[in-house]
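# Understanding the architecture of this molecule
Below, each chain spelled out in residue letters.
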Amino acid sequence: MADLDSIDNALLSALQDDATVSLDQLGEHANLSRNACWRRIKAMEATGLIRKRVTLLDPEQAGCPLLVFVMVRTNNHDAEWMRLFNRAVSLFPEIVGAHRMTGDLDYVLRVRVADVAAYDRFYKKFIAQVAVSDISASFVMEDIKDTTALPL
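Residues numbered from 1 in each chain as written. Predicted model: local features only at pLDDT ≥ 70, side-chain atom pairs only at ≥ 80, totals over all residues. Heavy atoms only, no water.

## Side note on a nonpolar patch on the surface
A cluster of nonpolar side chains, contributed by L4, L49, L150 and L152, occupies part of the molecular surface with about 360 Å² of accessible area. Tracing the backbone through its elements, the reader meets L49 in the loop between α3 (34–47) and β1 (66–73). On the accessibility criterion, L49 (37% relative accessible area) is partly exposed. (Patch = residues over 30% accessible without salt bridge, like charges linked within 9 Å, V, L, I, M, F, W, Y side chains within 5 Å. Areas by Shrake-Rupley, 256 points an atom, 1.4 Å probe, with all protein chains shown as cover. Salt bridge = Lys/Arg side-chain N within 4 Å of Asp/Glu carboxyl O. Helix = DSSP H or I, 4+ residues; strand = E, 2+ residues; numbered from the N terminus. Buried < 20%, exposed > 50% of the residue type's maximum accessible area, 1.4 Å probe, protein only.)

Below, the structure is given as structure tokens:
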């Protein structure tokens, strides 16, 4: 979707805050009818702007309170290594985010685990799947801000 107007932004802001909000409530929020809200939302889904609607869980209550940023460096950047790396990333549910980087790092992984021992088990299984030249981890001590909402 190329251009979002103020109504689209209002709908998206409300949905980012609570995807379970009713069409009637969305209509009140954006000053639209229920059907007009539905059409706009369906259009944004059709273009891929709205990829999906999810439930966000509390990591501690879900049993994976430890967030680990894993920095990966490799000397191998060929297509086969990248295929193996992408496959390995997809195999591990602990990896909640994977990002190819510019600069000194090649990849940064966001990993959710129960504790340091669980991270160690993850680490051993991960490096058995794909060869890396260097891997290091930083453990998050405190979440200052953690949001899925995009700035509109």
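## A few points about the packing of aromatic side chains
In total, this model carries 10 aromatic pairs according to the counting rule given. Where Y119 meets F122, the ring centres are 5.9 Å apart and the plane angle is 40°; that geometry is what we call tilted. Of the two residues, Y119 and F122 are both situated in helix α5 (residues 116–129); the distance of three residues between them amounts to about one turn of the helix. Taken as a pair, Y119 and F122 share a single burial class, namely buried. On the numbers, 5.4 Å between centres and 85° between planes, the contact of Y119 with F139 is edge-to-face. Highlighted residues: Y119 in helix α5 and F139 in strand β4 (residues 134–139), separated in sequence by 20 residues. Classification of F139 by relative accessible area gives partly exposed; the value is 36%. Members of the aromatic cluster, each reached through a chain of ring pairs, are W81, F85, F92, Y107, Y119, F122, Y123, F126 and F139. (Phe/Tyr/Trp six-rings, centres within 6.5 Å; stacked < 30°, edge-to-face > 60°.)

## Remarks on the layout of surface pockets
In this structure, the largest pocket encloses a volume near 890 Å³. Along the walls of the largest pocket sit 20 residues, with Q16, K52, R53, V54 and T148 positioned nearest its centre. Here the lining of the largest pocket is built from residues that sort into 11 nonpolar, four polar and five charged. Reported here for the second largest pocket is a volume of approximately 660 Å³. Along its surface, the second largest pocket is lined by 18 residues, and L56, V96, R110, D146 and T148 are the ones closest to its centre. Elements with a contribution of two residues or more to the lining of the second largest pocket: β1 and β3 (107–113). The residue makeup of the lining of the second largest pocket, split by class, is 10 nonpolar, three polar and five charged. (1 Å grid on protein atoms, 1.4 Å probe; cavity = no way out; pocket = protein on both sides within 12 Å on 5 of 7 lines; lining within 4 Å. Points joined across faces, edges and corners; volume = space filled by probe spheres on them. Nonpolar A, V, L, I, M, F, W, Y, C, P; charged D, E, K, R; others polar.)

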